[in-house]
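Residue-level structure breakdown
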Amino acid sequence: MELGLTLGCSIFALLFAVYLAKWVLKNDEGTPSMREIAEAIREGAEAFLARQYKTIAALTIPVAAVLYVLYAFVRPHSEHDPVSETLLATYVAGSFILGAICSGIAGYMGMFVSIRSNIRTASASRSSLNRGLQIALRGGAVSGLFVVAMSLLGVGGLFAILRAFDLEAEKIPFLIVGYGFGASFVALFAQLGGGIYTKAADVGADLVGKVEAGIPEDDPRNPAVIADLVGDNVGDCAGRGADLFESTAAENIGAMILGVALYPYFGLKGILFPLVVRAFGLIASIFGIMAVRTREDGDPMHALNRGYYLTTVLAALGFGVGCYWLLASAQAPDAWWHFWLCGLIGLATAMAFVYITQYYTEYKYRPVKEIAEASQTGPATNIITGFAVAMECTAVPVIVIAIAIMASYHLGQSSGVANAGLFGTAVATMGMLGTAAYILAMDTFGPIADNAGGIIEMSQQPEEIRKKTDRLDAVGNTTKALTKGYAIGSAALAAFLLFSAYLDEVKNFGKPLAAVDIAKPGVFVGGLLGAMLVFLFAALAIRAVGKAAYYVINEVRRQFRENPGILRGTAKPSYRQCVDIVTSGALKQMVLPGVLTVAMPIAVGLIFKRFAIGAEAVAALLMVGTMAGILVATMLNNGGGAWDNAKKFVETGQYGGKGSDTHKAAVGGDTVGDPFKDTAGPSLHVVIKLLSTITLVLAPLFI
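Residues numbered from 1 in each chain as written. Predicted model: local features only at pLDDT ≥ 70, side-chain atom pairs only at ≥ 80, totals over all residues. Heavy atoms only, no water.

A look at the overall build of the chain
Looking only at helices and strands, the chain features 23 helices and 0 strands. Against the globule reference of 27 Å for 703 residues, the chain gives a C-alpha radius of gyration of 24 Å, in line with a compact fold. With the principal axes as the frame, the chain shows a C-alpha extent of 75 × 50 × 40 Å. In the chain, which comprises 703 residues, the share counted as buried stands at 65%. For the chain, restricting intrachain contacts to residue pairs at least 6 apart in sequence, the fraction spanning at least 24 positions comes to 85%. As presented, the chain carries roughly 23,100 Å² of accessible surface, and 64% of it is formed by carbon and sulfur atoms. Between the centroid of the 52 positive side chains of the chain and the centroid of its 53 negative side chains there is a distance of 3 Å. (Helix = DSSP H or I, 4+ residues; strand = E, 2+ residues; numbered from the N terminus. Rg over C-alpha atoms; globule rule 2.2 N^0.38 Å. Buried < 20%, exposed > 50% of the residue type's maximum accessible area, 1.4 Å probe, protein only. Contact = heavy atoms within 4.5 Å. Areas by Shrake-Rupley, 256 points an atom, 1.4 Å probe, with all protein chains shown as cover. Lys, Arg positive; Asp, Glu negative; His and termini not counted. Charge placed at Lys NZ, Arg CZ, Asp CG, Glu CD.)

Quick look at the structure:
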């Protein structure tokens, strides 16, 4: 029954996403000039995604083959294996491929609708702010629902298939860990490639257009402007969709592995509990999405917040029902409400991260105002102050994560179920991801609204229409920042859960690790390499944006120099040339950091296996790498967001407004922050979870 409910809710959510897509696509597409711009964005986004997925497929197939060979022929069979070596290799490699395919489908579907929602949002905004808001959010909701439902359907479907082969329920989670790794693998390249693309185009468009030529943002005379608008879709829609897909998939499997340890108390219900409460969260998100509406003079952000609060309340109630139904045990009669409180802690942590991110990235508050004020004395003081804010903003999130982990662990320990502390933290992680579909809808709302504003600007619509889309765009910038904060918070809790699942897995394969002894030289080195990987990956990602932006800047300058009629408005620039340059640059630059991330834990595990500490050295790499990744990703995300909004604060007329020296300094800071917040930061969320999923998959090889 529990599995049937999970699969039923997943299919219902997918059908509802199709209904929303049809509703969005029925809306008006505006004037011919608006359609021409939207068509250029659509073509560029689809061309990039097609080339990106070909590159990812070329990397995925060899990795699946290597996984099969390692499990089937290299690793000796162990008495602790759940099935024979050939079957184990087939299940792991097969689930890896399925996870990769499902992640790709979820990312593509989200972008498919977003690049068709932008023109409809722009057209609707000519007559109604509320209609524009609803089209943008429901277009984003297609992505949110597809991502979470596909993730749930994949894990639940795999479990159902293996159960049909009469495999024991306790063994199945260890056989499908490849699904989470496949999702993480695709997510890393989707987020990294999309992030490099979007920021290379953005930096190129801003530096030559705003600073050198003095023309406004989204001005049709700028050859890089279409590439910039394409980048919003491939980075924030397809990339973030793949990111949260792998979050939910990996967290579901990790929680199921921890549920196996509690089988004497809850039986099969404890293993399926993560899937059931995720299904309830999907239904809660649908109600929240449909509840969003605003008055023409209202604040769209208030409307989105009301939908979020409704989703959170319904998800909390669903959690309570799930705990009472599935985690009630005669041996521990109080366990269910202890675990419900753990889920509520997760939901509260999600909300806390939303508000912390808001404080550090909105220009209503002290940090962003400080950066804007510092811009009066030039770009150097802007960058010094911005970097100080970026480093400062790591403190409060870490305290929130610490409280959530300790409180949920204590509740699990006091539940009456033996050794349930780690399961308590797993339930808190499930709570945090309970609203993932709505959060992702808000995230995708951002690029849709941004594109709508660009279409209005480039098609030279009246000023009063631009003001409406500017209001939606401002809200979209806020929601994009909030969802990055949410993503790093969920990555932190999920990484702790997956680390615990890793220890459980190596114990199941006959290598119990009561502790990770950092005093051993090899284990210390493993931890040091984990921290180094985070910094090296971030450096490569940021440098990749610089390299790709270099080509864009030179191309825009060339067009302005060779065709003076572009700036006079008498000749059209070549948008396609910039799109092609950024596409090839982004795809070329994403390979090295991606391959490095996958190779590092494998190399550490196999090298230190020779000294009989492979599993422990990898555990140290995972633990220390996760800690460093959380801090660096938080710093990059919030620091970049603060620089961006400091520029926007100056553009409201503060400290001289647009065109002033203060504004030029703020644009410089924003340009530095761009690859921080949209390339390296979001990609590190994926790195943290990829380290966890790859170690889960390859744990038997390190023993």
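Observations regarding the nonpolar core
When a protein is soluble and globular, its nonpolar side chains tend to lie buried together. One finds Phe-181, Phe-273, Phe-339 and Tyr-502 to be the most contacted residues of the largest nonpolar core, which totals 242 residues. The leading source of residues in this core is helix α7 (residues 225–260), at 19 residues. With near-sequence residues (within four places) excluded, Phe-339 lies in contact with Phe-266, Cys-323, Leu-327, Gly-412, Ser-415, Ala-420, Phe-423, Gly-424 and Val-427. (Core = buried A, V, L, I, M, F, W, Y, C linked by side-chain atoms within 4.5 Å.)

A few points about the pattern of salt bridges
One pass over the full model with this rule turns up 22 salt bridges. With a closest N to O distance of 3.6 Å, Glu-168 and Lys-171 form a salt bridge. A salt bridge links Lys-520 to Glu-616; the nearest nitrogen and oxygen atoms lie 2.9 Å apart. Pair noted here: Lys-520 is in the loop between α17 (463–508) and α18 (521–562) and Glu-616 is in helix α22 (residues 614–651), with a separation of 96 residues, a long-range link. Using a relative accessible area of 32% as the deciding quantity, one classes Lys-520 as partly exposed. (Salt bridge = Lys/Arg side-chain N within 4 Å of Asp/Glu carboxyl O.)

Brief notes about the packing of helix α4 (residues 129–164) against helix α9 (residues 268–290)
At their nearest, the axes of α4 and α9 sit 11 Å apart, and the two run at 160° to each other. In terms of axis orientation, α4 runs roughly antiparallel to α9. Of the two possible hands of crossing, α4 and α9 adopt the one that is left-handed. Along the contact surface, α4 presents Leu-137, Arg-138, Ala-141, Leu-145, Val-148, Ala-149, Leu-152, Val-155, Gly-156, Phe-159 and Arg-163, while α9 presents Leu-268, Ile-271, Leu-272, Leu-275, Arg-278, Ala-279, Leu-282, Ile-286, Ile-289 and Met-290. Taken together, the residues that form the contact of α4 with α9 break down as 17 nonpolar, 1 polar and 3 charged. (Axes fitted to C-alpha atoms, helices over the stretch in contact; angles between N-to-C directions. Parallel < 35°, antiparallel > 145°, perpendicular 65-115°, else oblique. Left-handed = near helix turned anticlockwise from the far one by under 90°. Nonpolar A, V, L, I, M, F, W, Y, C, P; charged D, E, K, R; others polar.)

Observations concerning α4
The end-to-end C-alpha distance of α4 is 51 Å, a good match for the 52 Å that 36 residues give at a rise of 1.5 Å each. Of all the 36 residues making up α4, 30 are buried; the element is thus mostly covered by neighbouring parts of the structure. The N-cap residue of α4 is Ser-128: its side-chain oxygen and the backbone nitrogen of Asn-130 are 3.4 Å apart. Of the residues one or two after α4, Asp-166 is the one with positive phi, at around 65°. (Expected span 1.5 Å × (residues − 1). Polar contact = N/O pair within 3.5 Å; in protein donor to acceptor, adjacent residues only side chain to side chain.)

What to know about the packing of aromatic side chains
Scanning the model with the defined rule gives 26 aromatic pairs in all. Pairing Tyr-108 with Phe-112 gives two aromatic rings, centres 6.1 Å apart and planes at 40°, and the pair type is tilted. Taken together, the residues span about one helical turn, with Tyr-108 and Phe-112 both in helix α3 (residues 85–125) at a distance of 4 residues. Through successive ring pairs, a cluster of aromatic residues spans Tyr-265, Phe-266, Phe-273, Phe-319, Phe-339 and Phe-423. The ring of Phe-112 has Arg-116 sitting right over it, with the charged end atom 3.8 Å from the ring centre. (Phe/Tyr/Trp six-rings, centres within 6.5 Å; stacked < 30°, edge-to-face > 60°. Lys NZ or Arg CZ within 6 Å of the ring centre and 35° of its normal.)

Describing the side chain of Thr-357
With respect to the helices and strands, the residue Thr-357 is situated in helix α11 (residues 335–361). Classification of Thr-357 as buried rests on a relative accessible area of 2%. With residues near it in sequence (within four places) discarded, Thr-357 still touches Ala-481, Leu-482, Gly-485 and Asn-638.

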